[in-house]
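So you can see what is in the structure, the chains are spelled out below.
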Amino acid sequence: MKINKLTLLALLSVFILNSCSDDTDDLIDQVPEGDYTDGFFVLNEGGIGTVTYISDDLSDVEQDIFASANPNAADLGAYTQSIFFDDNNRAYIISNGSNLITVVDRYTFELIDVIDEGLTVPKYGVVYKGKAYVTNNNTFDDYTYDNDNPPSSYDDFIAVIDLETLSVESTIQTNSYTEQIEEEDGLIYVNGSSFGYGNTINVINPSSNAVVQTISTAFGVNSFDIEDGSIYTLSSNSYEVFNKDNGEQISNLEFSDLSGASNLVLEDDKAYFTVNRSVYVMEQNSTTEPEKPLLTYSSTSQYGAMYGFAAKDGRIYIADGGDFSSDSFVEIYSTNGSLLKNITVGLGPNGFYFN
């Protein structure tokens, strides 16, 4: 049988269209569905914690999305502290005033379950190979906060949570405070400073749940980030860089004109941090402190200025705690310091989380 050119072209067109259709269907199947797929969350500490959703273009704002998605569920608990995510489209909302982690679908915010046993003042979490590692301050009020005379022992711990059963299966002791926690290259890094006290980064091997390295830092590291094989730490008066593998200090920038630095974020080879109501930026590996701020914003909050901070994808995000008894606001800036938008959110906004 002979096939003419028109017939051949028609057959090829059908084949191409079917192939494209199949590819498109595959892509559609891969895109998560939900009202909150494209945007970011603002965690509002409370009182009783809430979450605000803001779309990427900053045009859509929805308050208290957990209550909207789950009208018959209990609330998120007291003093929501942080959110972390796993690889299965789940978000984990930590409420340290209620010793509770609420598990939701990160794109619909529909309730999946709660973790309410084995936690004592939980703070921050990270996921690695089907486990969540969550820092707990435990009975931190019993500590004597004195860097010259540190406590003889600590009862802070890391809860290891099986993400299939959503139960705490074990705990890890670090003999230090436990705060911010990160995973990098199969190891868990935990800040051993809290409220200006302590001077370690503890490295945990999740295969053994044991501390395999302790890195000595300046006292009171309040934030750290890991990039390009190095650990970058920020305390009130210094910016230190350590080799991630051996813990040796690479550089130490002691601030001469700045005091009260916090909220370190590394983004696009830049180091962003805050001092009071100002945002500063410098090269990631700078050994010279910036001379002037990138921007300064207006706040009347006595204790909540720069209560939350982030820098991501060409934007800077600031959350102001306000008076902690009424709704407050966040502000979004470009990285040249221009204000893009001021948005009202909930009570005591303290962090940004990106979908």
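Residues numbered from 1 in each chain as written. Predicted model: local features only at pLDDT ≥ 70, side-chain atom pairs only at ≥ 80, totals over all residues. Heavy atoms only, no water.

Student: Pulling in residues and values, what's your account of the overall build of the protein?
Tutor: Scanning the protein from terminus to terminus reveals two helices and 28 strands. Here the protein holds 355 residues, and the buried ones make up 48% of them. Long-range contacts, defined as pairs at least 24 residues apart, comprise 42% of the intrachain contacts of the protein with a sequence gap of at least 6. Accessible surface, the protein: about 17,100 Å² in total, of which carbon and sulfur atoms supply 45%. (Helix = DSSP H or I, 4+ residues; strand = E, 2+ residues; numbered from the N terminus. Buried < 20%, exposed > 50% of the residue type's maximum accessible area, 1.4 Å probe, protein only. Contact = heavy atoms within 4.5 Å. Areas by Shrake-Rupley, 256 points an atom, 1.4 Å probe, with all protein chains shown as cover.)

Student: So what's going on with unusual backbone geometry? Which residues, and what values?
Tutor: The omega angle of the peptide bond from glycine 46 to glycine 47 is 5°, so this bond is cis rather than trans. Residue position: glycine 47 is located in the loop between strand E1 (39-44) and strand E2 (50-55). Of note in the backbone geometry, aspartate 64 takes a positive phi value of approximately 50° without being a glycine. Structurally, the position occupied by aspartate 64 is in the loop between strand E3 (61-62) and helix H2 (65-69). Phi at asparagine 89 takes a positive value of approximately 65°, unusual for a residue other than glycine. Within the element layout of this structure, asparagine 89 appears in the loop between strand E4 (80-85) and strand E5 (90-95).

Student: Got a sec to walk through the sheet that holds strand E8 (residues 122-128)? Specific residues and values, please.
Tutor: Read across the open sheet, the four strands follow the order E8-E9-E10-E11; overall the sheet is antiparallel. Where the open sheet ends on each side, the last strands, each with one partner, are E8 and strand E11 (167-172). Taking each pair of neighbouring strands and ignoring which way they run, the sheet shows an average axis angle of 25°. Direction of pairing for strand E10 (residues 157-162) relative to E11: antiparallel, over a ladder of five bridges. When the bridges of E11 are listed, isoleucine 161 appears paired with valine 168. (Pairing = 2+ DSSP bridges. Axes fitted to C-alpha atoms, helices over the stretch in contact; angles between N-to-C directions.)

Student: So, the pattern of salt bridges: which residues are in play, and what are the values?
Tutor: Taken as a whole and assessed by the stated rule, the structure comprises seven salt bridges. Salt-bridge contacts for arginine 90 lead to aspartate 86; the nearest nitrogen and oxygen are separated by 2.9 Å. Summarising the burial analysis for this pair, arginine 90 and aspartate 86 share the class buried. Shared partners join several salt bridges into a network, and the residues in it are Lys131, Asp162 and Glu169. (Salt bridge = Lys/Arg side-chain N within 4 Å of Asp/Glu carboxyl O.)

Student: An account of the pairing of strand E24 (residues 308-312) is requested, with residue identities and associated values reported.
Tutor: In terms of burial, E24 is a largely internal element, four of the five residues being buried. Pairing analysis gives five bridges linking E24 to strand E25 (residues 315-320), with the strands arranged antiparallel. Following the sheet pairing, glycine 308 is matched in E25 by alanine 319.

Student: Explain the sheet that holds E5 to me, using residue names and the numbers behind them.
Tutor: An order of E4-E5-E6-E7 is seen for the four strands of this open sheet, with the pairing classed as antiparallel. Strand pairing shows two members of the sheet lacking a second neighbour, E4 and strand E7 (111-115), which therefore form its edges. Averaged over all neighbouring strand pairs, the angle between strand axes comes to 20°, with direction disregarded. As defined by bridge partners, E5 adjoins strand E6 (residues 100-105) across six bridges and the pair is classed as antiparallel. Directly across from arginine 90, in E6, lies its bridge partner aspartate 105.

Student: Describe the confidence of the model for the protein, and please don't skip the residues or the numbers.
Tutor: In this model, the protein carries a mean pLDDT of 91, and residues with pLDDT of at least 70 account for 89%. When the criterion is pLDDT under 50, residues 1-21 qualifies, and its contacts beyond four places in sequence or with other chains add up to one contact. (pLDDT = per-residue confidence, 0-100.)

Student: Describe the packing of aromatic side chains, and please don't skip the residues or the numbers.
Tutor: On inspection of all chains with the given rule, the structure shows 17 aromatic pairs. Here the aromatic rings of tyrosine 36 and phenylalanine 41 are separated by 6.4 Å at their centres, their planes lie at 70°, and the arrangement is edge-to-face. You'll find tyrosine 36 and phenylalanine 41 in the same group, each marked buried. Between phenylalanine 40 and phenylalanine 352, the aromatic rings sit 6.3 Å apart at their centres with planes inclined by 55°, giving tilted as the arrangement. Note that phenylalanine 40 is positioned in strand E1 and phenylalanine 352 in strand E28 (residues 349-354), a separation of 312 residues in sequence. The structure contains a cluster of three or more aromatic residues connected by ring pairs, namely Tyr36, Phe41, Tyr53 and Phe109. A cation sits over an aromatic face here: arginine 106 above phenylalanine 85, 3.9 Å from the ring centre. Across the ring face of phenylalanine 354, the terminal group of lysine 312 is positioned such that the distance to the ring centre comes to 5.7 Å. (Phe/Tyr/Trp six-rings, centres within 6.5 Å; stacked < 30°, edge-to-face > 60°. Lys NZ or Arg CZ within 6 Å of the ring centre and 35° of its normal.)

Student: An account of a negative patch on the surface is requested, with residue identities and associated values reported.
Tutor: Side chains of Asp38, Asp56, Asp57, Asp60, Asp228, Asp268, Asp269 and Asp313 sit close together on the surface and give a patch of like negative charge. Among the secondary structure elements, aspartate 313 is positioned in the loop between E24 and E25. Given the relative accessible area of 62%, aspartate 313 is considered exposed. (Patch = residues over 30% accessible without salt bridge, like charges linked within 9 Å, V, L, I, M, F, W, Y side chains within 5 Å. Lys, Arg positive; Asp, Glu negative; His and termini not counted. Charge placed at Lys NZ, Arg CZ, Asp CG, Glu CD.)

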